[in-house]
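Given next are the chains, with one letter for each unit.
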Amino acid sequence: NRNAILEKTVIAAQDEIYAKVKVERSNFFKYLKRIGMKNGDIFVDLGYNGTIQGMIKKISHIDTKGRYINTYKPQGEFQGVSYEMKSFLPILFMRAFGGAAVELIFSEARGTVIGYDDDGLPILTKDFEYRQDVTKKILKGVLKGVKDLLDEEVRINVSDCVKILKRYYEEPTIEEATFANQRIFEN
């Protein structure tokens, strides 16, 4: 039985696991202290279910107020007390196309935080240069597009955004079509 083997493995390694977790937890608290996070602070994220906000509360007992780019109906135990169903993008917009495009637009090219060091500083993964380059191009394109629209006093609505995303999904350029095939997305 795989579950029995897994259970025995975890039990055999539990001292090592707990020792590692204590260090990680301590470094995480150093990070929270370094940034000065406290009750009532605004936590901004791309968001779906408030998981990060809820986990911060569970681990540190700090209750932040969540503000999300997009949220679904809260589910599960991780939602913070101050979680709000408030989105800056329409929920149907995200459900129609999935989060991939919005994830790309809001992702940072410097890498993902995978932990914290002894000084409470983030430890980052090193992203593929290709992904960094494409992410920078996307961000520059989005910012240029928004600036051009503002300069020309053009106002767009949700259906215009849907048309733009439909083009992205139905008629992508070769670069757009092959972007998700990079190894980083297998995670």
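Novice: How do you make sense of the overall build of the protein when you look at a structure like this?
Specialist: In terms of helices and strands, the protein carries seven helices and four strands. Order of helices (α) and strands (β) in the protein, N terminus to C terminus: α-β-α-β-α-α-β-β-α-α-α. Taken over 187 residues, the protein has a buried fraction of 25%. Within the protein, contacts between residues separated by at least 24 positions form 50% of all contacts whose residues are at least 6 apart in sequence. For the protein, the accessible area works out to roughly 13,400 Å², and carbon and sulfur atoms hold 58% of it.

Novice: Just to check I follow, could you spell out the pattern of salt bridges for this structure?
Specialist: Should their charged atoms come close, side chains of opposite charge can pair. On inspection of all chains with the given rule, the structure shows four salt bridges. Residues Asp41 and Lys38 are paired through a salt bridge, measuring 3.2 Å at the closest nitrogen-oxygen approach. As a salt-bridge pair, Lys144 and Asp148 come within 2.7 Å of each other at their nearest N and O atoms. With Lys144 and Asp148 both in helix H5 (residues 129-151), this residue pair falls four residues apart, about one helical turn.

Novice: Help me out: how do you make sense of the pairing of strand E2 (residues 65-68) in this one?
Specialist: Looking along a regular strand, one sees side chains alternate from face to face of the sheet. Because side chains alternate across E2, one face comprises the buried residues Gly66 and Tyr68, and the other comprises Lys65 and Arg67, none of which is buried. With four bridges joining them, strand E1 (residues 42-45) and E2 adopt parallel strand pairing. By the bridge assignment for E2, Asp45 is matched with Tyr68.

Novice: What should I look at first to understand a nonpolar patch on the surface in this one?
Specialist: Residues Leu6, Val10, Ile17 and Val21 make up a contiguous nonpolar surface patch of about 330 Å² in total accessible area. By the element assignment, Ile17 lies in helix H1 (residues 2-35).

Novice: I tried to follow the packing of aromatic side chains on my own but got confused; where do I start?
Specialist: When we look at a pair of aromatic rings, we describe it by the centre distance and by the angle of the planes. Under the defined criterion, the tally for this structure stands at three aromatic pairs. For the ring pair Phe28 and Phe29, a centre distance of 6.1 Å and an interplane angle of 50° mean the geometry is tilted. Looking at Phe28, the relative accessible area reads 14%, which means it is buried. A ring pair is formed by Phe28 and Tyr116, whose centres lie 5.9 Å apart and whose planes are at 50°; its orientation type is tilted.

Novice: Please clarify how the side chain of Asn27 should be interpreted in this entry.
Specialist: Mapped onto the fold, Asn27 is located in helix H1. Not counting residues within four places of it along the chain, the set of residues in contact with Asn27 comprises Tyr116, Asp117, Asp118 and Gly120.

Novice: What should I look at first to understand the nonpolar core in this one?
Specialist: Core analysis: the biggest nonpolar cluster contains eight residues, these being Phe28, Leu32, Met37, Phe43, Ile56, Ile62, Tyr68 and Tyr116. Aside from chain neighbours lying at most four places away, what touches Met37 is Leu32, Phe43, Ile56, Ile62 and Thr64.

Novice: It is not clear to me how unusual backbone geometry should be interpreted in this structure. Could you clarify?
Specialist: Glycine aside, the phi torsion of most residues is negative, and most peptide linkages are trans. Phi angles above zero are rare outside glycine, and His61 is one such case at about 65°. With relative accessibility at 62%, the residue His61 sits in the exposed group. Phi is positive for Glu153, close to 55°, though the residue is something other than glycine. Among the secondary structure elements, Glu153 is positioned in the loop between H5 and helix H6 (158-170).

Conventions used here
Residues numbered from 1 in each chain as written. Predicted model: local features only at pLDDT ≥ 70, side-chain atom pairs only at ≥ 80, totals over all residues. Heavy atoms only, no water. Helix = DSSP H or I, 4+ residues; strand = E, 2+ residues; numbered from the N terminus. Buried < 20%, exposed > 50% of the residue type's maximum accessible area, 1.4 Å probe, protein only. Contact = heavy atoms within 4.5 Å. Areas by Shrake-Rupley, 256 points an atom, 1.4 Å probe, with all protein chains shown as cover. Salt bridge = Lys/Arg side-chain N within 4 Å of Asp/Glu carboxyl O. Pairing = 2+ DSSP bridges. Patch = residues over 30% accessible without salt bridge, like charges linked within 9 Å, V, L, I, M, F, W, Y side chains within 5 Å. Phe/Tyr/Trp six-rings, centres within 6.5 Å; stacked < 30°, edge-to-face > 60°. Core = buried A, V, L, I, M, F, W, Y, C linked by side-chain atoms within 4.5 Å.

Scope: geometric values only; no functional claims are made or implied.
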